[in-house]
Structures are given as structure tokens and as C-alpha cells.
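Remarks on the overall topology
Here's the letter readout for the chains.
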Amino acid sequence: MQLQGKVAVVTGAASGMGLAIATRFAAEGASVVAADWNAERLETAITTLKANGGTITGAQGNIADQGTAEGLIDTAINTYGRLDVLCNNAGVMDYMQGVGELADDVWRRVLGINLDGPMFTSRRAVQYMLAHGGGSIINVASTAGIHGGAAGAAYTSSKHALVGLTRNTAWMYAGKGIRCNAICPGATITNIAESMPADKVDPAGAARAQAFAALAPGYLQPADIAGLALYLASDESRNINGAIIPADAGWAAV
Ligand SMILES: NC(=O)c1ccc[n+]([C@@H]2O[C@H](COP(=O)([O-])OP(=O)(O)OC[C@H]3O[C@@H](n4cnc5c(N)ncnc54)[C@H](O)[C@@H]3O)[C@@H](O)[C@H]2O)c1
């Protein structure tokens, strides 16, 4: 039981990697606040996690909303008395537009969910962790956080910025018990394509991204990402801070 007695918040926990991470954390003894805006999927996830013996609280809402995001940290503290791990996993794709074709509302939506949300939760979590002995923050970035070819301008910018937030947080609070690391998944089998309806996708941008995607050596499963998240959440990684870790079957090695 690597997380016995610990309390974790996982965003985007109703599907894909977030569900795998919440499942793994709970199986390792953590009490988990599982957050997602998809009420139906969240209810199913909570029912399954509880049936498996997990200690889980569901929290439905939009991570891009400041009050909702900060409320997740407060829920963990009020429900379980502490916070040890924050996993900022919720995210959406853009529609593969380059900057010349980019619509303002797409930019704002993607940056709001993929970057504002993690900033809101991290700020609240750091304020708590500084006063209570530290903790581990895990940001789920992307291959698009370290390469320019995997998606459109909005998604790529949001994930590069999340990598920047990760490094800055790691540096600012190094030596104060707070660690912050990023996982950069490659192509992973989840429901993420639902955030990218075919009729909205820019064909030229998608073709450019496809040229890069063709270099990916293989697909990952959400459980692959959950294993790495568990390591970063646990005390095994006590001296790992500011690491930007590709989990992509070798794609980032290109
Ligand atoms: N699947 C991939 O190939 C891949 C690759 C690299 C990075 N990622 C990143 O991994 C993370 C998890 O995505 P996934 O692939 O598991 O996708 P997914 O769609 O299966 O899961 C994402 C979850 O986040 C939730 N979510 C989205 N926007 C939200 C919001 N505003 N508020 C609350 N919840 C919200 C969704 O409802 C969903 O349950 C994302 O940050 C994504 O960018 C995915």
C-alpha cells in the first residue's frame, strides 16, 4: 500500500487516464476526491471505485471555473482532513488549427481547461501544503508539451505552458516539501477524441499533426500512465522534482 493514509485529488477522473489514476491511487490506500464535469460518467466511476473498496468522494464541475477548481482542494481537506497529492489530469483537445486559422473561443476554451484549471488547483494546494508539511503535484501534460507537431496551436501552447508551470512550481518550493512533476503521455487509448468532433477539425492542421503522429512507435494504455503517477505520488519519488517525463513508447525520442 504505497499511498496508505494519503489524500489525493484527481481531476478528469471519470474517464481514461484520470480514471486509471484514481483507481490505482485508491487501490494503494489513498482517499481520493475524483473530479470531472461529466456527471454520468463520474457517477459510474464512483460506484465502481466504491465497489472495489476505495474511499472516494465525487466532485462534479468545470475545472476551468476558479471556484470549482479551488473547491476541490477544500473538499479534500474538509472531507479527509488533509491533502497530500494533486493530480491535474483533466484536459481537452483543440481542433488542430494552426495560429492562422485559430478561433478565439477555441483558444480560450483549451487554455481555460488545460492551464487555468491546473493553476487554480495548484495555487490552493500549494498554500495548504506549505503550511502542512508538503505534498506532490502531478501535471498530466503531453507530447505536445515538449514538441510542436502533435496538435494545434491552442493545445500545444496549453501543454507547453503546463510544463512551464510544473518547472516553476518545482523550483519555487524546492526544499519546502512540495514536489511538482509532469507526465507527458504519448498516444493513449482513452475518450479524448470526444473533445475533438470531426466536423470541427481543421483538415490541413490535422494532416500536419498526422505527419508527426506517424512517428509514434505505439499506443499506451491508461494503466501505463497510472503506474507512473503512482510513483510520482508516492514517497519512492521523494527526490524527483521538476521532472518532465515522457510516457510514450519512445515518441519523444524522435
Ligand atoms: N489520450 C491521449 O493520447 C493523450 C496524450 C497526451 C496527453 N493527454 C492528456 O491526458 C489527460 C487525460 O485525458 P484522456 O486522454 O484520459 O482523455 P479522456 O477524455 O478519456 O478523459 C479526460 C477527462 O477529463 C474530463 N474533463 C475535460 N474537461 C473538463 C473540465 N473542464 N472540467 C472537468 N473535467 C473535465 C472529461 O470529462 C474526461 O472524463 C488530458 O489532460 C489530455 O490532454 C492525452
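Notes on the structure in this doc start here. (Residues numbered from 1 in each chain as written. Predicted model: local features only at pLDDT ≥ 70, side-chain atom pairs only at ≥ 80, totals over all residues. Heavy atoms only, no water.)

Examining the overall build of the protein chain
- Across its full length, the protein chain holds seven helices and seven strands.
- In sequence order, the protein chain lays out its α and β elements as β-α-β-α-β-α-β-α-β-α-β-α-α-β.
- A compact globule built from 254 residues would reach a C-alpha radius of gyration of about 18 Å, and the protein chain, at 17 Å, matches this within 12%.
- Structurally, the protein chain occupies a C-alpha span of about 50 × 40 × 35 Å along its principal axes. (Helix = DSSP H or I, 4+ residues; strand = E, 2+ residues; numbered from the N terminus. Rg over C-alpha atoms; globule rule 2.2 N^0.38 Å.)

Considerations on the nonpolar core
- Of all hydrophobic cores here, the largest spans 40 residues; its most connected members are V9, L83, M129 and I137.
- At the level of secondary structure, the elements contributing two or more residues to this core comprise β1 (7-11), β2 (31-36), α3 (66-80), α4 (104-131), α5 (153-172), β6 (178-185) and α6 (203-213).
- Here this core gets eight residues from one element, more than from any other, and that element is α4.
- With near-sequence residues (within four places) excluded, V9 lies in contact with V33, L72, I73, A76, L83, V85, L86 and C87.
- Counting 32 residues, the second-largest nonpolar core is a separate cluster that includes A8, I21, I225 and A226. (Core = buried A, V, L, I, M, F, W, Y, C linked by side-chain atoms within 4.5 Å. Buried < 20%, exposed > 50% of the residue type's maximum accessible area, 1.4 Å probe, protein only. Contact = heavy atoms within 4.5 Å.)

Looking at the environment of R24
- Relative to the assigned elements, R24 resides in helix α1 (residues 16-27).
- Separated by 205 residues in the primary sequence, R24 and A229 have C-alpha atoms spaced 8.9 Å apart.
- Residues contacting R24, with those up to four places away along its chain left out, are A226, G227 and L230.

Quick notes on the site of the ligand
- Taken together, 27 residues surround the ligand, and among them S15, D36, N62, Y155 and T190 come closest.
- A distance of 2.7 Å separates an oxygen atom of the ligand from a polar atom in the backbone of N89.
- One of the side-chain N or O atoms of T190 is found 2.6 Å from an oxygen atom in the ligand.
- Against a free-state accessible area of 830 Å², the protein chains account for coverage of 94% of the ligand.
- Counting only elements with at least two residues in the shell around the ligand, the list comes to α1 and α5.
- Within the shell around the ligand, the residues separate by chemical class into 12 nonpolar, 13 polar and two charged. (Near = heavy atom within 4 Å. Polar contact = N/O pair within 3.5 Å; in protein donor to acceptor, adjacent residues only side chain to side chain. Areas by Shrake-Rupley, 256 points an atom, 1.4 Å probe, with all protein chains shown as cover. Nonpolar A, V, L, I, M, F, W, Y, C, P; charged D, E, K, R; others polar.)

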